[in-house]
Amino acid sequence: MSNHLFDAIRAAASGDAPFIRVNGGRTWTYMDALDLSGRIASAMDTLGIRPGDRVAVQVDKSSEALILYLACLRSGAVYLPLNTAYTLAELDYFIGDAEPRLVVVSSSAREGVSTIAEPHGAIVETLDADGTGSLLDLARDEQADFVDASRTADDLAAILYTSGTTGRSKGAMLTHGNLLSNALTLRNYWRVTADDRLIHALPIFHTHGLFVATNVTLLAGASMFLLPKFDPDEVVSLMAQATLLMGVPTFYVRLLQSPRLDRQAVANMRLFISGSAPLLAETHVEFRKRTGLAILERYGMTETNMNTSNPYDGDRIAGTVGFPLPGVTVRVTDPATGTEVAPEETGMIEIKGPNVFKGYWRMAEKTAAEFTADGYFISGDLGKIDGQGYVHIVGRSKDLVISGGYNIYPKEVEGEIDQLEGVAESAVIGVPHPDFGEGVTAIVVCKPDATLDEKAILGALQDRLARYKQPKRIIFTEDLPRNTMGKVQKNVLRQKYADLYT
Ligand code: MLC
Ligand code: AMP
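Since this is a predicted model, take the numbers as computed values, not measurements.

Engineer: What exactly am I supposed to notice about the domain arrangement of the protein here?
Structural biologist: A common measure of how large an interface is: the accessible area buried when the components associate. Here the protein is described as being made up of domain 1 (29–190), domain 2 (230–396) and domain 3 (400–497). Computed from C-alpha atoms alone, the centre-to-centre distance between domain 1 and domain 2 is 27 Å. Between domain 1 and domain 2, the residue contacts involve 29 residues of the former and 29 residues of the latter. The contact between domain 1 and domain 2 buries some 2,400 Å² in all, and 60% of this surface belongs to carbon and sulfur atoms. Broken down residue by residue, the surface that domain 1 buries against domain 2 is led by Lys170, Tyr189 and Trp190, which jointly contribute 34%. One can count 3 salt bridges joining domain 1 with domain 2. For the salt bridge of Arg362 with Glu99, the shortest nitrogen-to-oxygen distance reads 2.8 Å.

Below, the structure written as C-alpha cells:
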C-alpha cells in the first residue's frame, strides 16, 4: 500500500528533528507529529471517516491544526480548510456543497455550526487554539500506529474553495500528485534543506500557508516557527534564529514600517519570498535598500499551486514574477482568438503542468469552461513574457479584488448590498490601499427617498460577509458609469477613486 503524498513526507522526516517550534512554547519533533497524526487518523477511522470523505476544518491556527491536515492525508480523507473569518451564512454553503462527513471547529463555534452541519449528516468535533478539544480527546485513547490509507497521485488530497466570479464559490480539487510535485519543485528551486527554519506567519487555510509553506518545510525535513498570526515585531525578533520568510506583500509593507528592520536584523536570513498578490516594485526596492536582500516574488493560484518564481541565483526583478517553474508551461494568448502572442505582448496567462488541479468539485461544466481544448488552465490573469523569459502580471480579466492576499469577488459583495432595502444598485471595486494593496470599496446608488448611510450598510453586512470582504468605504452616487452595452465601467470608477486611501 502506498500513500502518494504522505509517503514522501514520511521519507523526508527525521524522527527527532524539530518540525514545529512554538514561540515560548513546545517544540514538536517529526516523531511527535507522526504520533499525533496517527492517533487523530485512528480517531477519524473510529468515527467512520473513510478515504474520499471530506473533512471540513474551520479552526484557529495551531500545531495540532497542522497535524490534523497530516492526519487527513494519512486517512485518505479530503482536507477542506475554511477561513476562520467566514460567517455561519458563508459556512452553510460550503457544508451543503462539499457534504463533509466531519466538521472540525473551535468549541465556541460548535453549537452554531452543528445547526447547519448536522442536517447534512456531518459529525461535528472541536479543536481549539490551545490544542484542546473533543477531537483530541478522542485521539488520546487511540493507537498512534495507524496504517496509512492507500492513495495514488490522482486521488484527492484537498478541496479549497475559491469564490466564483459569477455565481457560487467553486471547490478546487487538488490531488496528492498536484501537491507533491509542486512542493518538491519549490523545495529544489528555493534550495530548502533540513537546516532551514521558516517563520510561518500566514493563515493555514489557503494555498500559501498550507501547501507552499507547510509542504515545502515537510519535504525538506526543515522546521518552522509557527506564529498564530502575522506580527511584524515578533517576525523581526525571530529573524535572528530563522532563515526563511514567506509572506503576502502586506507583510513586507508592514515590516518596512518597523525601525528594527535593517541589515543586522536579517543577518541570519537566507530568503524572503512574496506572493498571492502583486508586490509593488517600490516595496521590493525599499526592502533591498534597508536589508541588502532582494525579495523573491513568485506567482500562484489555488487551482494551480505555484506557476512561476524569480530565480534563486539569478536576478530577482521587481515587478516580475520570474520564470515558469520546472515542469510548468506558461503561455500568453490573445483572449479573443486563443492564439499565442509574441514575447512582450500582453494577453491571457494560461498554465499546464502536474501542478494544475483536477477540476471544480461537482462542477464539470465550469471546469471545462476554464480549460482550453489543448489542456491549458485559463488563469484570468493578464500578463506578458519579456525577452528574457520573465513573466509579468499586468492585470486581471476576472473581476476580483485582492486585499492583503485574500480574494474578494465583487459580485458576492454587490449581491449582499443590492438586497438591502433602499439600494438601487452597487458596484464593488478595488482601489490602491497602502496597507492591503487594494481596498474593497462599494459605490452605491440608492432608491429615491432612501435614507441609507455608510454605517447602516456596513452594519447589515456584518453577519453576511467575512470581515475582510466588507468594504473599507461606501461611496454614494447618483448613477454608475456604463458603456453602450449597459455594462458598468469599473475601470472608470477605479480611476475616479484611485486616491481614496492615499
Ligand atoms: C484583516 N482584515 C482585512 C484583511 N485582514 N481586511 C482586508 N483585507 C485583509 N487581508 C480586517 C480585520 O478583520 C480588521 O478588521 C482590519 O482589517 C484590520 O486588521 P489587522 O489587524 O490589520 O489585520 P491582520 O489580522 O493583521 O491581518 C492582515 C494580514 C492578513 C495581511 C496579516 O490578512 C493575512 O494574513 N493575509 C494573508 C492572506 C493569505 O494567506 N493569502 C494567501 C492566499 S493563497 P476590524 O474589525 O479591526 O476593522 C493564494 C495563492 C498564492 O493567493 O499565490 O499564494
Ligand atoms: P487565489 O485564488 O487566492 O489562489 O489567488 C490567485 C490569484 O492571486 C492569481 O490569479 C493572481 O491574480 C494573484 N497572484 C498570486 N500571486 C501573485 C503575484 N506574485 N503577483 C500578482 N498577482 C498574484
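From this point, the narrative continues.
Engineer: I would appreciate a short explanation of the sheet that holds strand β19 (residues 377–385) in the present structure.
Structural biologist: As a general point, the strands of a sheet are linked pairwise by backbone hydrogen bonds and lie either parallel or antiparallel. The sheet built from 4 strands is open, its strands ordered β16-β17-β19-β20 with antiparallel pairing. Across the chains shown, the open sheet's two edge strands, defined by having one partner strand only, are β16 (329–333) and β20 (391–396). With direction set aside, neighbouring strand axes in the sheet form an average angle of 50°. When β16 meets strand β17 (residues 347–352), the two strands line up antiparallel, connected through 5 bridges. The partner of Val332 across the bridge, within β17, is Ile349.

Engineer: Sorry, what's going on with the environment of Lys496 here?
Structural biologist: Within the secondary structure, Lys496 sits in helix α15 (residues 490–496). Each C-alpha atom of the pair Lys496 and Lys358 lies 40 Å from the other, and the pair is 138 residues apart in sequence.

Engineer: What am I meant to see in helix α11 (residues 281–291) here?
Structural biologist: An α-helical turn contains 3.6 residues, so any two residues separated by three or four positions project in the same direction. Taken together, the buried positions of α11 are Thr283, His284, Phe287 and Thr291. Angular distribution of buried residues about the axis of α11 spans 100°; they occupy a single face of the element. Exposed residues on α11 whose side chains face more than 90 degrees from its buried face are Glu282 and Lys289. Against the buried residues of α11 lie α10 (249–256) and β12 (271–274). After α11 finishes, the residue Gly292 shows a positive phi value of roughly 85°.

Engineer: Please clarify how the site of ligand 2 should be interpreted in this entry.
Structural biologist: Of all residues adjacent to ligand 2, which total 16 residues, the nearest are Arg298, Thr302, Asp381, Lys398 and Asn407. In this structure, Ser276 approaches ligand 2 through a main-chain N or O atom, which is 3.1 Å from a nitrogen atom. Within the backbone of Arg298, an N or O atom sits 2.7 Å from a nitrogen atom of ligand 2. Relative to its unbound accessible surface of 500 Å², ligand 2 loses 92% to contact with the protein. Per-class residue counts for the shell around ligand 2 are 7 nonpolar, 4 polar and 5 charged.

Engineer: Even after reading the chapter, I still don't get the pattern of salt bridges, so can you show me in this structure?
Structural biologist: Pairs can form between side chains of opposite charge whenever their charged atoms are close. Inspection of every chain in the model, using the stated rule, returns 29 salt bridges. It is possible to trace a salt-bridge network through shared partners that takes in Arg10, Arg74 and Asp148.

Engineer: What is the right way to look at the site of ligand 1 in this model?
Structural biologist: For ligand 1, the set of nearby residues contains 24 residues, the closest of which are Arg254, Ser276, Arg298, Ser403 and Arg467. For ligand 1, an oxygen atom lies 2.7 Å from a polar atom in the side chain of Arg298. Take Ser403: an N or O atom from its side chain is 2.5 Å from a nitrogen atom of ligand 1. Elements with a contribution of two residues or more to the shell around ligand 1: α8 (207–220), α10 and β13 (296–301). Grouping the constituent residues of the shell around ligand 1 by class yields 10 nonpolar, 9 polar and 5 charged. For the shell around ligand 1, the two domains that each supply at least three residues are domain 2 (230–396) and domain 3 (400–497).

Rules used in this analysis
Residues numbered from 1 in each chain as written. Chains lettered and ligands numbered in written order. Predicted model: local features only at pLDDT ≥ 70, side-chain atom pairs only at ≥ 80, totals over all residues. Heavy atoms only, no water. Domains from an automatic or database assignment. Contact = heavy atoms within 4.5 Å. Buried area = accessible area lost by both parts, 1.4 Å probe. Salt bridge = Lys/Arg side-chain N within 4 Å of Asp/Glu carboxyl O. Pairing = 2+ DSSP bridges. Helix = DSSP H or I, 4+ residues; strand = E, 2+ residues; numbered from the N terminus. Axes fitted to C-alpha atoms, helices over the stretch in contact; angles between N-to-C directions. Buried < 20%, exposed > 50% of the residue type's maximum accessible area, 1.4 Å probe, protein only. Arc of directions from axis to C-beta. Near = heavy atom within 4 Å. Polar contact = N/O pair within 3.5 Å; in protein donor to acceptor, adjacent residues only side chain to side chain. Areas by Shrake-Rupley, 256 points an atom, 1.4 Å probe, with all protein chains shown as cover. Nonpolar A, V, L, I, M, F, W, Y, C, P; charged D, E, K, R; others polar.

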